[in-house]
Each structure stands twice: as C-alpha cells, then as structure tokens.
Amino acid sequence: MGAQLAQEGSCCRRQALIVAGWIFAVAVAITAFVLLMIFISKKFPEEDPKYSVAVTVVSGLDDDLSARSRPTISPVFNVTVHMDNTRDSAHGRCVPDLSTAEVSYGDAFLGKGTLPKICAGKRLEAEGVARAWGQDVVVPWFLRDQLAGEMEVGDAAVDVHLRMDGSLLVCKARLEGAFPCAGSLSTPE
C-alpha cells in the first residue's frame, strides 16, 4: 500500500509539473507577443502626418494699415505649409491640389490663395507655398490699428485656415519671422 501511495504521489506531482509548464509556456508566449507588437508599432508606425504653417513673406500691410486715406488694404502673404510624414512607415500622404489657404486677423478676412499639391512619401517631409492675397479688403479701423501696433513691436500673428479634402487645419502664424505653428486636421461641422 505504501508503494501505491508513493506511485500516486509521483503521478500527481508529474501532472502538476506539466500544468505548471504549460502555464509558464503560455505566459512566455503572451509576453513575447506583446513585446513583438510594441516593437512593430515603434519600428513601423502608422500615424497621421503633422502639419505646420509659417507666414514667410508679407507685403501690403505696413503702409496700408495706418493710411487713413485708404479705406481698404490689399495684402499678400506667402504661406508655407510643411507636412511631416516621418511617423508613417506604411503610406505616402498628399495634400491635394487646389487646397486653399485663408488668412484672417480677428474676424477680418485678409487674403486667400490655393496651395499646390504637396506629397510626402513614407517617413518623409514635404513643403509647399501658397500665395494668399486680398484685393481691396475692408478691415475695421480698430483691427487695423491693433495689427499695426503688434507689427511695430514684432508680435503680430494671423489666423491661417487650410482647407484640404474636406478637412480643416487652423492655427496662428506669426508675421515677424518664420515661426511655425503646429495644428491638426479636423472635419468642419
């Protein structure tokens, strides 16, 4: 009887070791799978491109803003759009041809133009320039005075709205120097 109990005890221990081995193997497999997914997501990311906008050239504002004899202004802006697609290793991305760039200050429209097609391949960056202009734009005097004052101290910024493929990118861009502002695309309601 003692031999039989010893045999049953060793059998149960063997079964317990087999179950523990399977549990360990499954835990190792799950851990390896999670680590592999983390590695793949870092090595081959698929994020949307990041955009930035800079107003690099402005003309038609300095003298026209303070001239009380002219009720309208005709500004011209070079709006540089930068697309950073370095976070996407699977797809190239494009901003479609005839996307629009609109520049405003406060609620006053200043200029509008079209953006050429910009394409960035996988893990690449691309830039394009839109010339946004306004012809005989009426801007309220208080906004003209405020913008002129901000330009004097080098702190003027305008709102830039980029419309592309049914999406809208909105950000503020400084006029003095090429300080880009980052924004993300949203779908207007």
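Residues numbered from 1 in each chain as written. Predicted model: local features only at pLDDT ≥ 70, side-chain atom pairs only at ≥ 80, totals over all residues. Heavy atoms only, no water.

### With respect to the pattern of salt bridges
Filter applied, for reference: We define a salt bridge as a contact between a side-chain nitrogen of Lys or Arg and a carboxyl oxygen of Asp or Glu at a distance within 4 Å. Helix numbers and strand numbers start at the N terminus; a helix is a DSSP run of H or I with at least 4 residues, a strand a run of E with at least 2. A 1.4 Å probe rolled over the protein chains alone gives each residue an accessible area, and that area as a share of the maximum for its type sets the label: buried under 20%, exposed over 50%, partly exposed in between.
In the structure shown here, the tally under the stated rule is six salt bridges. Here arginine 68 and aspartate 145 are joined by a salt bridge, their closest N and O atoms 2.9 Å apart. Placement of the pair is arginine 68 in the loop between α2 (62-66) and β2 (72-73) and aspartate 145 in helix α3 (residues 141-152), with a sequence separation of 77 residues. Judged by its relative accessible area of 37%, aspartate 145 falls in the partly exposed class. Note that aspartate 155 and arginine 174 form a salt bridge whose closest N and O atoms lie 3.3 Å from each other. Residue aspartate 155 is located in the loop between α3 and β10 (157-164), and its partner arginine 174 is located in strand β11 (residues 167-174); the two are separated by 19 residues in the primary sequence. Classification of arginine 174 by relative accessible area gives partly exposed; the value is 29%. Salt bridges linked by common partners bring Asp48, Asp88 and Arg93 together as one network.

### A few points about the UniProt feature "transmembrane region" (unreviewed entry) in the chain
Worth spelling out the cut-off: UniProt positions are given in the numbering used here, feature names are shortened, and annotations may be inferred rather than shown by experiment.
Those places that UniProt annotates as "transmembrane region" (unreviewed entry) correspond, in this numbering, to residues 16-40. What you have in residues 16-40 is 100% helix and 0% strand, and the ends, taken at the C-alpha atoms, are 36 Å apart.

### Some details on the state of the cysteines
Test applied: Note on terminology: pairs of cysteine sulfur atoms within 2.5 Å are recorded as disulfides.
Per the counting criterion, the structure on display carries one disulfide. For cysteine 94, the disulfide goes to cysteine 119, at an S-S distance of 1.9 Å. One quick way to see it: the torsion about the S-S bond of cysteine 94 and cysteine 119 is about 110 degrees, and its sign makes the bridge right-handed. Note that cysteine 94 is positioned in strand β4 (residues 93-95) and cysteine 119 in strand β7 (residues 118-120), a separation of 25 residues in sequence. Accessibility expressed as a relative area gives 40% for cysteine 94, which makes it partly exposed. Residue classification places cysteine 119 among the partly exposed residues on the basis of a relative accessible area of 41%.

### Quick notes on α3
The condition is simple: For a helix, the expected span equals 1.5 Å multiplied by the number of residues minus one. The arc in question is the one spanned by the directions pointing from the helix axis to the C-beta atoms.
Spanning 12 residues, α3 covers 16 Å between terminal C-alpha atoms, matching the ideal 16 Å at 1.5 Å per step. Every buried residue of α3 is listed here: Leu143, Arg144, Leu147, Ala148 and Met151. End-on, the buried residues of α3 take up no more than an arc of 135 degrees, which puts them together on one face. Residues of α3 that are exposed and point more than 90 degrees away from the buried face comprise Phe142 and Glu152.

### Quick look at the side chain of asparagine 78
We apply this condition: Contacts are residue-level and defined by heavy atoms, with any inter-residue pair within 4.5 Å sufficient.
Relative to the helices and strands, asparagine 78 is located in strand β3 (residues 76-84). With residues near it in sequence (within four places) discarded, asparagine 78 still touches Ala54, Val55, Thr56, Val57, Val129, Ala130 and Arg131.

### Some remarks on unusual backbone geometry
Even without being a glycine, arginine 123 presents a positive backbone phi close to 55 degrees. Along the chain, arginine 123 falls in the loop between β7 and β8 (125-133). Here the phi dihedral of aspartate 165 falls at roughly 50 degrees; this positive angle occurs in a residue that is not glycine. Tracing the backbone through its elements, the reader meets aspartate 165 in the loop between β10 and β11.

### Some thoughts on the environment of lysine 50
Tracing the backbone through its elements, the reader meets lysine 50 in strand β1 (residues 50-59). C-alpha separation for the pair lysine 50 and histidine 82, spaced 32 residues apart in sequence, amounts to 8.2 Å. Those residues in contact with lysine 50 that lie beyond four places of it in its chain are His82, Met83, Asp84 and Arg87.

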